[in-house]
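A look at the structure
Next come the chains, spelled out residue by residue.
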Amino acid sequence: MILFLSSITHRMNLCSNLPLADPSLPNLGSSYVLSSLKTIHLDGHFNFDNIYHAANDFGNRHHYLPLAILHPKSVSDISSTIKHIYEMGPATELTIAARGHGHSLQGQAQAHRGVVINMESLQGPKTIVHTGKMPYADVSGGELWINILHESLKHGLAPKSWTDYLHLTVGGTLSNAGISGQAFRHGPQINNVYQLEVVTGKGDIITCSETQNADLFYGVLGGLGQFGIITRARISLEPAPKMVKWIRVLYSEFSIFSKDQEHLTSFKNSFDYIEGFVIINRTGLLNTWRSSFNPREPLQASQFNSDGRTLYCLEMAKYFNPDETHIVNQVIESLLSELSYIPSTLLLSEVPYVDFLDRVHVSEIKLRAKGLWEVPHPWLNLLIPKSRIHDFAKEVFGNILRDTGNGPILIYPVNKSKWNNRTSLVTPQEDIFYLVAFLSSAVPSSTGTDGLEHILTQNERILDFCEGARLGMKQYLPHYSTQDKWQAHFGPKWEVFVKRKSKYDPLAILAPGQRIFQKATPFSWSRILA
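To start, this report covers the structure provided alongside it. Here the structure is a predicted model, which is why all the values come from computation and not from measurement.

Quick word on the overall build of the chain
For the chain, the helix and strand inventory stands at 18 helices and 19 strands. For a compact globule of 530 residues, the expected C-alpha radius of gyration is about 24 Å, and the chain comes in at 24 Å, within 12% of that figure. Seen through its C-alpha atoms, the chain measures out along the principal axes to roughly 75 × 50 × 45 Å. Looking at the 530 residues of the chain, the share that counts as buried comes to 57%. Pairs at least 24 residues apart make up 77% of the contacts formed inside the chain by residues separated by at least 6 positions. Element-wise, carbon and sulfur atoms account for 51% of the exposed surface of the chain, whose accessible area totals about 22,300 Å².

See below:
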């Protein structure tokens, strides 16, 4: 087994974004490759000229220009293209990346001198909602979650688990995890999928689920696009509420804040959504929230001073229908009575369910209007074990960070019992761990504390602390540049991950932007076949 896995590792050439050609082999030129792609029979089409947007993403830091963009109209377009490139073998450096809404952070959906598939072009059956005892929606891998929400609501249903931002594609979030404030109850989005249709790195179209082709099913979920492209998914649904009670409270002590968070996420009849965030040295904090929230004690709230302080906000939501208002209010009062927040900071709001779920899009519209959306986003997402979260908070929020002016810092616990450990997603070993997300935006050309270099240095200090203190941290939306770090990230799952890569994408054609594997060379390919 060790020798087998070693040969796979050597064959795939780990951790590089740009393929290295084998000098012993002729490499097919770009003109030949382009001509070859034009021979593929498609329902959709290739674009060889207007390709520059495929070298951009939300992170706005990595830019790798492809040779072509495929705009598929059918799953067979994707299959035919992958088969064509697979059959060309390792004599060409062509790779393929599936691009959804372009929200990757570090070029993960880019393919240098390869083919980028525009998944939002994928046509076929629209979202089909099935009602019954176990309702679900059959959706395209290129569909946006916001569209699935609107379609399922026509039937009084909605997906159970979300991301904070809904203008992302199904295939994109399921290739990572899909985490938000509902994860403590339902697990991430990858735990709420019944079935997938996947096109592998050989071009095979395979339907998979827990009972059918289960190895591929669990491999693709959280698999960073390494084993196949998700072209359809069957998403679990539940009855949808019409309204949301949206609540924020503040804490000055992290220990009390985290204790209350862990308490609320530990039992069934709690809130439906629980998150939190860190605020450092923000002026007039409560006043800035008054456009969306009403303080229960307006006078006390107006006198609250946040200047120069490190505060922790617990954000909660309870779903309900209008005829349940009285009962829900009683439940909320009971839950709040168990918490130890600063009394004057209780803020309340009541909004439609859709408005709550799509709340980040409102901020996007405002930032786009100011030209502040398409800037570098050096985000850092970490999963920290519960036993070490206080050590982490003391160092990071007490010493490394001086303010939170560059963007929000989310922090909230989730329960591993709600996460399926058979997927490719890697989490800390403990039953309870925290998501800590540093969602920074950098001001272009700035050399100050709001500039890219300062934020990246800050991120490195956080990572260095986690490694030096041996916190048992795992990155969410991971990004590594060496084989040792990828192996350390996957830990015991690494061997299975490599075996699946060899089985479903033996030439390492798919998702080169993740920088885990490099397209195989003919010499090493012969070794694995031997």
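Section: the sheet that holds strand β15 (residues 347-352)
Spatially, 9 strands are ordered β13-β15-β11-β14-β12-β17-β18-β16-β19 in an open sheet, and the strand pairing comes out antiparallel. Edge positions in the sheet fall to β13 (294-295) and β19 (474-475), since each has one partner strand and no second. Pairing geometry for strand β17 (residues 409-415) and strand β18 (residues 432-438), over 7 bridges, is antiparallel. Bridge pairing in β18 places Asn 415 opposite Ile 432.

Some words on the environment of Leu 299
One can find Leu 299 in helix α10 (residues 298-302). Given a relative accessible area of 59%, Leu 299 falls into the exposed group. Sequence separation between Leu 299 and Ser 344 is 45 residues, and the spatial gap between their C-alpha atoms is 8.6 Å.

Notes on the pairing of strand β14 (residues 310-320)
Both faces of the sheet carry side chains from a regular strand, because those side chains alternate between them. Within β14, 10 of the 11 residues are buried, which leaves it mostly tucked inside the rest of the structure. As paired elements, strand β11 (residues 243-251) and β14 share 9 bridges and run antiparallel to each other. Looking across to β14, one finds that Lys 245 is bridged to Lys 318. Relative to β14, strand β12 (residues 273-280) runs antiparallel, the two sharing 8 bridges. Bridge assignment links Tyr 273 to a residue of β14, and that residue is Ala 317.

Remarks on the pattern of salt bridges
This structure, assessed with the given rule, holds 14 salt bridges. Its salt-bridge partner being Lys 501, residue Asp 505 comes within 2.6 Å of it at the nearest N-O pair. Judged on exposure class, the residue Asp 505 and its partner Lys 501 are both buried. Where salt bridges share partners, they join Glu 364, Arg 368 and Glu 374 into one cluster.

Let's talk about the nonpolar core
A general feature of soluble globular proteins is that nonpolar side chains tend to end up buried together. Trp 145, Leu 174, Leu 196, Leu 250, Trp 289, Tyr 353 and Phe 356 are the most contacted members of the largest nonpolar core, which has 83 residues in total. In contact with Leu 174, not counting residues within four places along its chain, are Trp 145, Gln 189, Ile 190, Val 193, Leu 196, Val 220, Leu 221, Gly 222, Ile 230, Ala 233 and Ile 235. By size, the runner-up hydrophobic cluster in this structure holds 44 residues, among which are Val 278, Leu 335, Phe 392 and Ile 409.

What to know about the packing of helix α14 (residues 389-400) against helix α15 (residues 452-468)
Across the interface, α14 lies against α15 with an axial gap of 11 Å and an inter-helix angle of 150°. In terms of orientation, α14 and α15 fall into the roughly antiparallel class. The crossing of α14 and α15 is right-handed. Contact with α14, carried on its side by Asp 391, Phe 392, Glu 395, Val 396, Asn 399 and Ile 400, involves Gln 458, Arg 461, Ile 462, Phe 465 and Cys 466 of α15 and no other residues of that element. For the contact of α14 with α15, a count of residues per class yields 6 nonpolar, 2 polar and 3 charged.

Structural notes on the packing of helix α8 (residues 254-264) against α14
α14 packs onto α8 with a crossing angle of 135° between their chain directions and a minimal axis gap of 11 Å. The angle between the axes of α8 and α14 places the two elements in the oblique class. For α8 against α14, the interelement crossing comes out right-handed. Here Phe 254, Ser 255 and Ser 258 of α8 lie close against α14, whose contacting residues are Ile 389, His 390, Ala 393 and Phe 397. For the contact of α8 with α14, the per-class residue count stands at 4 nonpolar, 3 polar and no charged.

Looking at the packing of aromatic side chains
Taken as a whole and assessed by the stated rule, the structure comprises 30 aromatic pairs. Ring centres 6.1 Å apart and planes at 70° place the aromatic pair Trp 145 and Trp 162 in the edge-to-face group. A residue pair is termed long-range when its members are at least 10 positions apart, and Trp 145 in helix α4 (residues 145-153) and Trp 162 in the loop between β7 (157-159) and α5 (170-174) qualify at 17 residues. Following the ring pairs from residue to residue traces out a cluster consisting of Phe 227, Tyr 480, Trp 486, Phe 490, Trp 494, Phe 497 and Phe 517. Here the basic side chain of Arg 359 rests over the ring of Phe 356, its NZ or CZ set 4.4 Å away from the ring centre.

As for the sheet that holds strand β1 (residues 45-47)
With respect to topology, 4 strands assemble into an open sheet ordered β1-β2-β4-β3, the strand pairing being mixed. The strands lining the two open edges of the sheet, one partner per strand, are β1 and β3 (96-99). With strand direction ignored, the average angle separating the axes of adjacent strands in the sheet is 25°.

Rules of the game
Residues numbered from 1 in each chain as written. Predicted model: local features only at pLDDT ≥ 70, side-chain atom pairs only at ≥ 80, totals over all residues. Heavy atoms only, no water. Helix = DSSP H or I, 4+ residues; strand = E, 2+ residues; numbered from the N terminus. Rg over C-alpha atoms; globule rule 2.2 N^0.38 Å. Buried < 20%, exposed > 50% of the residue type's maximum accessible area, 1.4 Å probe, protein only. Contact = heavy atoms within 4.5 Å. Areas by Shrake-Rupley, 256 points an atom, 1.4 Å probe, with all protein chains shown as cover. Pairing = 2+ DSSP bridges. Salt bridge = Lys/Arg side-chain N within 4 Å of Asp/Glu carboxyl O. Core = buried A, V, L, I, M, F, W, Y, C linked by side-chain atoms within 4.5 Å. Axes fitted to C-alpha atoms, helices over the stretch in contact; angles between N-to-C directions. Parallel < 35°, antiparallel > 145°, perpendicular 65-115°, else oblique. Left-handed = near helix turned anticlockwise from the far one by under 90°. Nonpolar A, V, L, I, M, F, W, Y, C, P; charged D, E, K, R; others polar. Phe/Tyr/Trp six-rings, centres within 6.5 Å; stacked < 30°, edge-to-face > 60°. Lys NZ or Arg CZ within 6 Å of the ring centre and 35° of its normal.

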